[in-house]
Number of protein chains: 2
Amino acid sequence: MSTRAGIVVTGTEVLTGRVADRNGPWLADRLLELGIELAHISICGDRPDDIEAALRFLAGEGVDLIITSGGLGPTADDLTVATVAHFCERELVLDTALEARIAEILNRLMARLRSGEAPVGAVDFDTVLAANRKQALIPAGATVLDPVGTAPGVVVAGTPTVVVLPGPPRELQPMWHKAVETDAVRAAIAGRTSYRQRYVRMFGLPESALADTLRRAEPQVDGFERLEITTCLRRGEVEIVTRYEPDAEPAYTRLLALLHEQHAREIFSDDGSTIDELIARALAGRRIATAESCTAGLLAARLADVAGASEYLVGGVVSYANEAKTELLGVDAGLIAEHGAVSEPVAEAMAAGALQRFSADTAVAITGIAGPGGGSPEKPVGTVCFCVRLSSGEKLTRTTRLPGDRTDVRERSTTVAMHLLRRALSTD
Amino acid sequence: MSTRAGIVVTGTEVLTGRVADRNGPWLADRLLELGIELAHISICGDRPDDIEAALRFLAGEGVDLIITSGGLGPTADDLTVATVAHFCERELVLDTALEARIAEILNRLMARLRSGEAPVGAVDFDTVLAANRKQALIPAGATVLDPVGTAPGVVVAGTPTVVVLPGPPRELQPMWHKAVETDAVRAAIAGRTSYRQRYVRMFGLPESALADTLRRAEPQVDGFERLEITTCLRRGEVEIVTRYEPDAEPAYTRLLALLHEQHAREIFSDDGSTIDELIARALAGRRIATAESCTAGLLAARLADVAGASEYLVGGVVSYANEAKTELLGVDAGLIAEHGAVSEPVAEAMAAGALQRFSADTAVAITGIAGPGGGSPEKPVGTVCFCVRLSSGEKLTRTTRLPGDRTDVRERSTTVAMHLLRRALSTD
């Protein structure tokens, strides 16, 4: 019997989609790492009846652990702790030590406010003051999780055990790590099976071809049925996630070998690395510049997502208009007139311009038609030309037709560019 | 009594966070528009027991309508229709007319495949062929929603009525609009209250100041209690969403007037427009260029998000390294040495360079410290300098200290830049 958990995400702004929930997916990952099976994520508004209904639902499904996020703030519609107390049939009691700790946090915030150090909007002083006592009310016998912001969390042992965490991800995440170390959570998840989880990432392979490979692998891999394999298309890549108990490792090793045999060209990672991490490593010691039309800066921004990118990212040009291609990248206006702005010769000239203008040794150019307008029978929406150039003289040029809407085409274009870049750098 | 609905999102890849759910928030918005209250969004994996548990939970909560997304594909783990049939106590029957329609779709796909027109990965032919019959099995008496992709949806009338939709947003969205027109859904939502929903968006106001204003508004607004007001911080802006029945319009009108009196400077929209839409309108007839350091293209990419941006977006320079600022934007190296790359004089010089190099009439420059490294006591992480310049000579320069991590600082910077741009353009 594996250990199962459920997550209750509270907050009207999350339920109505005005704020995207980041806690459910993050907690799902942490649970997987611990070998706990996640059964349900239930999202509801700030209504006590709905929160309690979600708790009852998960308890009825027999989960061992429930994690809630949100509703710990100081205002009247923050009701999660009181609701959990009612659900767990515990009184709300004032924790005077906790009240003192919150007062201390409050004093530090006051000092920062007075010195003008705190950023505007970071501290709502009147509200925090009024809330001091409210936030120190906890279910009798619960374990307190010290606040990272101003809201403490609690762990209430029972069947199921309930972990109550705040909504802001930067508070929830460290407090979850504390929660896992409490006796109550340890006891609740003691029965868990230990799992390994491995990732294989591929690019340029249709999902159906992979399904085919997996079908043919089944009779060739002893213990195939002990591997829980899920495949998923993600940002234009195919990701295979395999989960198994440690003694099924030989089966996974055999499967991995078969995948490498069949799809050597398409597999770019089998150790969990993302393409962004691989590119960051491959760019060490290099100087890269970008030249972007339809993506308009998305590729440069993606390269800069990685902390430390300034070691190798020199810069880029967003050449949205044709005259920007000519003026800033030195693309011959005649070339654009002859082949069109979305063409391989123009992509090559853009990359050459970026190499030269930024004194870079690596350059990537993207020019395409993201839509909804601008398509033609010869060059429909989704047509995108790429070029990677290295100062060593190597040049990789490709034209693809990407599916989807404007946003899809632009995002996928950055992924295609990353993979083209990887290929160019690995053969350099 | 208002009409309530619940959403069941199925899919192991969504539950485990590998794919972000876009259907829950989208459907939540559609339900709000229809005046239907959304009670819960429940996310579970591709396990029939968990799907049925979620359906039972929502039915037990007394919702009038359940909408499911996902699990309509051709493979063995796509089980939503069969599960819904079991839950609704209906037999699965073969709809021969539907089978013929799917065959027809299949034939068109075959033709496209043969002509090489279909993009790689768009069509998994073998699987579709095998699935023809499976996808034509529907709960007895259900209304079929014609497929937009290859998967049909169904509406099963009852208490509650269940609408079964596919997972891909571009299939789900048009099929939802069809579902709303079916007799079964019309009947289920006949009792709904009609609501209006209005948005006020502000920038530069702490949430606590707004809470204060709302507190003071309460005794001054007749019928205040009939306004359902939620406020939320979103991308550095504060959004006030007010929902009310039509006859409470005078109360909303009074509230809106009070908000305008108190926060004239901070309110930038009260008609639902986003800052991106306002900027797109304000830029009509202009030529804008960007110069970005820490945001590395995010601002240019955000301007280009809007279809038709090529009318006014000329381009931009990502000047990540100092020499890129000098070479591509003509920023004096001495200026950088004297004031540092993150300084108002450098931001002003970057904007001037962008104006000149792109022959633009509007330019925005951003230079800042996104972290985690690079901060100092005088210029800590989060320090960002902005400059907007117009060819008319106007210049707006600001330095802010933004909270959060690398991603937060970079994203918020684009929002600050958009608002600075709006201010500059509205006074030009």
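Structural data are supplied above this passage.
Note that this is a predicted model, so its numbers are computed, not measured.

Asker: In this structure, what is going on with the relation of the copies chain A and chain B? I would like to understand it.
Answerer: The relation between the two copies of this chain is a rotation about an axis and a shift parallel to it. Overlay of chain A on chain B (RMSD 0.1 Å): rotation 180°, translation along the axis 0.0 Å. Such a turn and shift between the copies fits a two-fold axis. Both copies share a contact surface, since 100% of the interface residues of chain A are interface residues in chain B too.

Asker: Could you clarify how one ought to interpret the packing of aromatic side chains in this entry?
Answerer: Aromatic rings in a pair are described by how distant their centres are and how their planes are angled relative to each other. One pass over the full model with this rule turns up three aromatic pairs over all chains. Between A:F57 and B:F57, the aromatic rings sit 4.3 Å apart at their centres with planes inclined by 5°, giving stacked as the arrangement. A residue pair is termed interchain when its members come from two chains, as with A:F57 in helix α3 (residues 48–60) and B:F57 in helix α3 (residues 48–60). Of the residues examined, A:F57 reaches a relative accessible area of 8% and is grouped as buried. Between A:Y244 and A:Y252 the ring centres are 5.1 Å apart and the planes differ by 20°, which places this aromatic pair in the stacked class. A relative accessible area of 4% means that A:Y252 is categorised as buried. Stacked on the ring of A:Y195, the Lys or Arg A:R243 has its end atom at 4.0 Å from the ring centre. One Lys or Arg, B:R30, reaches over the ring of B:W26 and ends 4.7 Å from the middle of that ring.

Asker: Whenever I open this one, the pattern of salt bridges confuses me. Can you help?
Answerer: Where charged atoms of side chains with opposite charge meet at close range, the side chains can pair. Applying the stated criterion across every chain, the model contains 36 salt bridges over all chains. With its nearest N and O atoms 2.9 Å apart, the salt bridge here joins A:R4 to B:D50. Here A:R4 is found in strand β1 (residues 4–10), whereas its partner B:D50 is found in helix α3 on a different chain. Each member of the pair, A:R4 as well as B:D50, carries the same accessibility label: buried. The salt bridge involving A:R287 is made with B:E323; its shortest N-O contact spans 2.8 Å.

Asker: Just to check I follow, could you spell out the pairing of strand β13 (residues 288–292) of chain B for this structure?
Answerer: Look at any regular strand and the pattern is simple: side chains alternate between the two faces of the sheet. Residues and elements named next belong to chain B. Buried residues dominate β13, accounting for five of its five residues. For β13 and strand β14 (residues 313–319), the ladder comprises five bridges, and the chain directions are parallel. Residue pairing in the sheet places E292 in a bridge with V318 of β14. The parallel pair β13 and β14, bridged by helix α12 (residues 298–304), forms a crossover whose chirality is right-handed. One ladder, built from five bridges, connects β13 with strand β15 (residues 362–368); its direction is parallel. Bridging from a neighbouring strand, I288 pairs with T362 of β15.

The rules we used
Residues numbered from 1 in each chain as written. Chains lettered and ligands numbered in written order. Predicted model: local features only at pLDDT ≥ 70, side-chain atom pairs only at ≥ 80, totals over all residues. Heavy atoms only, no water. Least-squares fit on C-alpha atoms with pLDDT ≥ 70 in both. Contact = heavy atoms within 4.5 Å. Phe/Tyr/Trp six-rings, centres within 6.5 Å; stacked < 30°, edge-to-face > 60°. Helix = DSSP H or I, 4+ residues; strand = E, 2+ residues; numbered from the N terminus. Buried < 20%, exposed > 50% of the residue type's maximum accessible area, 1.4 Å probe, protein only. Lys NZ or Arg CZ within 6 Å of the ring centre and 35° of its normal. Salt bridge = Lys/Arg side-chain N within 4 Å of Asp/Glu carboxyl O. Pairing = 2+ DSSP bridges. Right-handed = clockwise from strand over helix to strand, strands pointing away.

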